[in-house]
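Now for the letters of each chain:
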Amino acid sequence: MKRFAYGKVLYIDLTTGEYEVKPIEQEEIKRYLGGRGLNGKLLYDLISGKEDPLSPENPLIFGVGLLTGTPIPSSSRYTVTSLSPLTGGFGDGNSGGFFGPEMRFAGYSHIVITGRAKKPVYLYIEDDKVEIKSAVHLWGKDTWETDALIKEEMGDSELQIACIGPAGENMAKIACIINNLTRAIGRSGMGAVMGSKNLKAVAIRGSGKVRVASKEKVFKVLKDFRELIKSDMSFKLFSKYGTPGLVDVYNSRGVFPVKNFQESWLPDAESISGEVFIKKYAKKAKACYNCMVHCSHFYELKDSHKEEGLEFESIGALGPRIGITDYPTILKANHLCNRYGLDTIGAGDVIGFITEVFERGFVSKEEVEGLDLCWGNSELVPVLLKKISHREGIGDLLAEGSYRAALKIGRNTEYYAMHVKGQAIISADPRGLRGWGLGYAVASRGADHLRAYPVVEYCFTPEKAEEIWGIREAVDRTAYAGKGKLVKWCEDVRALADSLGICKFITRTAYLLPQQLNQLIEAITGVSFNADELMKIGERINNTEKLINIRRGFSRKDDALPERLKKEPIPEGPSAGMTIDITDILNEYYQERGWDLKTSHPTPQKLAELGLK
Amino acid sequence: MTNKSILVIDVEKCTGCRLCETVCSLDHEGVVAPKETRISVIKKEETGADIPVVCQQCERPLCMEVCPSLAISRDERTGTVNIDESRCIGCSMCFMACPIGGITITKEKKMKKCDLCGGKPLCADHCPTKAIEFLPVTKVTEQKRRKGIRKMLTLLNY
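As a convention, each chain's residues are numbered from 1 in the sequence order in which they are written. All chains are assigned letters beginning with A, and all ligands numbers beginning with 1, in the order in which they are written. Given that the model is predicted, a residue must reach a pLDDT of at least 70 before its local features are reported, and side-chain atom pairs must reach 80 or more before they are shown or counted; all residues, however, enter totals for whole chains, interfaces and linings. Excluding hydrogens and water, the side-chain values take into account all heavy atoms of the structure.

Here the focus is the overall build of chain A. When you go through chain A residue by residue, the secondary structure sums to 26 helices and 18 strands. Only C-alpha atoms enter the radius of gyration; for comparison, a globular chain is expected to reach 2.2 Å times N to the power 0.38, where N is the number of residues. Its C-alpha atoms give chain A a radius of gyration of 22 Å, near enough to 25 Å, the size a compact globule of 613 residues would have. Along the three orthogonal principal directions, the C-alpha set of chain A runs to about 65 × 60 × 50 Å. Buried means the residue's accessible area, taken with a 1.4 Å probe over protein chains only, is under 20% of the maximum for its type, while exposed means over 50%, and partly exposed covers the values in between. Counting all 613 residues of chain A, 68% fall into the buried class. Note on definitions: a residue-residue contact is assigned when non-hydrogen atoms from the two residues lie within 4.5 Å. Considering only contacts in chain A between residues 6 or more positions apart, those separated by 24 or more positions represent 69%. Note on areas: Shrake-Rupley with a 1.4 Å probe; residue coverage comes only from the protein chains shown. As presented, chain A carries roughly 19,800 Å² of accessible surface, and 49% of it is formed by carbon and sulfur atoms. The charge count includes Lys and Arg as positive and Asp and Glu as negative, but it does not include His or the ends of the chains. Charged groups are reduced to one reference atom each: NZ for lysine, CZ for arginine, CG for aspartic acid, CD for glutamic acid. Across chain A, the 82 positively charged side chains and the 80 negatively charged ones have centroids separated by 3 Å. Strands are runs of DSSP state E lasting at least 2 residues, helices are runs of H or I lasting at least 4, and numbering of each runs from the N terminus.

Right, let's talk about the packing of aromatic side chains for a bit. The geometry of two aromatic rings is summed up by the distance between their centres and the angle between their planes. All names here are of chain A. Any pair of Phe, Tyr and Trp rings, taking the six-membered ring for Trp, is counted once the centres come within 6.5 Å. Such a pair is stacked with planes under 30 degrees apart, edge-to-face with planes over 60 apart, and tilted for the rest. Per the stated rule, a full pass over the model turns up 23 aromatic pairs over all chains. Consider the rings of Tyr 250 and Tyr 458, whose centres lie 6.2 Å apart with planes at 90°: the pair is edge-to-face. Taken together, the residues span a long stretch of sequence, with Tyr 250 in helix H9 (residues 246-251) and Tyr 458 in helix H18 (residues 456-459) at a distance of 208 residues. Among the residues examined, Tyr 250 registers a relative accessible area of 3% and is labelled buried. Counting every residue linked through ring pairs, the aromatic cluster contains Tyr 250, Phe 256, Phe 312, Trp 436, Tyr 453 and Tyr 458. In our convention, an over-ring charge means Lys NZ or Arg CZ found within 6 Å of a ring centre and within 35 degrees of that ring's normal. The ring of Tyr 108 carries Lys 8 above its face, with NZ or CZ at 4.8 Å from the centroid. Its end group placed over the ring of Tyr 458, Arg 253 keeps NZ or CZ at 4.8 Å from the ring centre.

Quoted interface sizes are often the accessible area lost when the parts come together. All names here are of chain B. Along its sequence, chain B is organised into domain 1 (1-54 + 114-158) and domain 2 (56-101). Each domain span listed reflects an automatic or database assignment of domains. For domain 1 versus domain 2, the separation of C-alpha centres amounts to 21 Å. Regarding the contact of domain 1 and domain 2, the summed buried area is about 770 Å², with carbon and sulfur atoms giving 42% of it. Any carboxyl oxygen of Asp or Glu that lies within 4 Å of a side-chain nitrogen of Lys or Arg is treated as forming a salt bridge with it. The shortest N-O distance in the salt bridge between Glu 59 and Lys 4 comes to 3.2 Å. Summed over both partners, the accessible area (1.4 Å probe) lost when two parts come together is defined as the buried area.

Once that is clear, we can look at unusual backbone geometry. Residues and elements named next belong to chain A. Across the junction of Gly 309 and Leu 310, the peptide omega takes the value 10°, indicating a cis bond. Mapped onto the elements, Leu 310 comes out in the loop between strand E16 (305-309) and helix H11 (312-318). At Glu 369, a residue that is not glycine, the phi angle is positive and equals roughly 60°. Here Glu 369 shows up in the loop between helix H13 (344-359) and helix H14 (380-390). A relative accessible area of 38% means that Glu 369 is categorised as partly exposed.

Okay, the domain arrangement of chain A next. Residue and element names in this part refer to chain A. Taken as a whole, chain A is organised into domain 1 (8-205), domain 2 (233-423) and domain 3 (433-509 + 530-610). Each of domain 1 and domain 3 has a C-alpha centre, and these two points are 28 Å apart. Listed by partner, the interface residues are 40 residues for domain 1 and 29 residues for domain 3. Linking domain 1 with domain 3 are 4 salt bridges, by the criterion used here. With its nearest N and O atoms 2.8 Å apart, the salt bridge here joins Glu 545 to Arg 36. Polar contacts, as counted here, are pairs of nitrogen or oxygen atoms within 3.5 Å of one another; within protein the pair requires one atom able to donate a hydrogen and one able to accept it, and residues that are adjacent in sequence qualify only if both atoms are side-chain atoms. At the surface where domain 1 touches domain 3, the tally comes to 22 residue pairs in polar contact (both at pLDDT 80 or more). When residues in the side of domain 1 that touches domain 3 are grouped by element, the largest group, 7 residues, is from helix H2 (residues 35-46). Charged means Asp, Glu, Lys or Arg here, nonpolar means Ala, Val, Leu, Ile, Met, Phe, Trp, Tyr, Cys or Pro, and polar covers whatever is left, Gly included. Class assignment of the residues belonging to the side of domain 1 that touches domain 3 gives a composition of 12 nonpolar, 19 polar and 9 charged.

It is worth spelling out the sheet that holds strand E3 (residues 60-64) of chain A at this point. Residue and element names in this part refer to chain A. If you walk across this open sheet you meet the 6 strands as E2-E1-E6-E3-E4-E5, and the pairing is mixed. Only two strands of the sheet have a single neighbouring strand rather than two, namely strand E2 (18-23) and strand E5 (90-95). When the angles between neighbouring strand axes are averaged without regard to direction, this sheet yields 15°. Here strand E4 (residues 78-83) runs beside E5; their pairing, made up of 6 bridges, is antiparallel. By the bridge assignment, Tyr 78 is partnered in E5 with Ser 95. As a rule, the C-alpha atoms of each element are fitted with a line to give its axis, helices using only the stretch in contact, and angles between N-to-C directions run from 0 to 180 degrees. Lying over the sheet, H2 contacts strand E1 (8-13), E3, E4, E5 and strand E6 (110-114), oriented at roughly 150° with respect to E3. Here a strand pair is declared whenever DSSP counts at least two bridges between the two strands.

This is how it looks when you write it as structure tokens:
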């Protein structure tokens, strides 16, 4: 068998300070590819399922994809996986920038961190050199200060650093890990797990080489790629506006949540459009490693700050979700989230939640410290973000995320927590996007759009839908038919991108199909998979994550959208009147997956077919 | 001599993706080796600066002047400054003399530098935003001036 030049794992126990390097079995790479896929497999093998997510026993796993750091376009991604303190089940986050490639250059596919350091530490890794260094002087610093101080003390401006801010230190369950100042392992509270280990940062530098199977094939891929993206719709949108261009995409369909999902449409979203962002704030386009899409920008808000950004989800969560429709407030909040190390989606969601339950009288003015909680209170947003990150006063409650905060408050406030499995729903309202709704409900890490990322629901033609799933309605966003098939297919394809370490923005529509992904794999590794084999790998990855959730006690009842979305129709706009009830499409999805309709557990036949126990 | 071209870099267009580094090392070394690449994008994340740094093929190359083993020479036909690896003694004087960091020192302490890929530089060829272009010297001056006065022209409404 041809060997993959990939699979060197660094295991570090922060309790003892000991570490060792072990390879991953070659056969496992064929079964899981790498990145998210192998992270899940490693986690599955390392835990019993009884571990508290914030205990030393819970492993924190950094993994780069099979193609991360190679010449394949957009091969910047790495995934951090652990049991999530936010969902209580399987959790991970995925980020771009330059940390992942550097980890690859240092020679590692994965870093598995267990234990808890007695005092704050950071990891310094330079090729084979591994050091656990004191971070006592860094504790309390924000992510930008931490990044600068580590570079200064190591005398190396080219270090790649993934670190936590105060939010992670204080184990806010919506804390993220930040690399390259503004790129985030955003979801599932991975920053809190890092904080629980007293681990402030991972700083890495590599001088290794990444081999390719065929230089000619790689240059052909680069050439084909340039041709393909010329006509690709995702490229056209993102290369110019970045994800802020999505404000119009979702608002024009009336699926852009406002005031904690009370509404889902802004009659005029001009003030927070991609167009305005580009004209007024963006200075130039920015890109992650080897990326031609350059969806990011360097922007400046006069008299405030400048940084790389901005993302659609941050606009949605820190904007309309909390009644804000001006860029200055959103940009300031975004910047604070980056520095505190807070997930912008989780932060906006919990602020929206507390504002609504306060407004409806479920909590008293005293319980919210007398704060003037109301929609669109620009002055209050930075105050709340600081409180959440430091768990001060009401911030201690909000740091739990909306679902857990609701459980603590009681009084049936869970109805207003817009979550699945404890993870906040993003700013695309599932009431008007059936496939997305099902995707949120079944995603292994809780309400999440990137597991299925079913953009095909609104950009494939009915003919294409018939060809792949045999149902034309699968691509009608208002129809239910075929959504189980569509979501299953999308989840399996997306798992491949995550495991290869390439960005979903090139696999969104351009390099979407498994046979296309194989061209990339083959050029780099020399190993070729057929489409069925790849889809099977995607399926195995999703089932492995499912098995972790089963160990944690999850069942069909957890694959559910908030009741509110079934009961309250979208009041106004292009999707007015729509609600979502996923009961039937969930059945269809389980059938497609080979999962039991009652329990949602994979059937023994399915597990045997995938070679899982 | 008549068709001399140079690498012209527009830092405002550079997104910092480092694809130039990738194709440079892939073509020259056959692997992705960021520490051996002949072009590097120097980044400053706080300010958003992304600056590709590469040999400028000087007319009076300091690297060539200081080389004690006469390993560096200029190809008058193409204008490239080249290192003859068989003569290089690995002293790194060229590296120190170059004012812009145009010389790369590898792990094995070998000196490497841009050779313009024999006349069709891949960094320019692959740059997604044309931040790096390979242009004849007879055309670049006006082009640069045009870019320079772009703001003024906008202000004057021309």
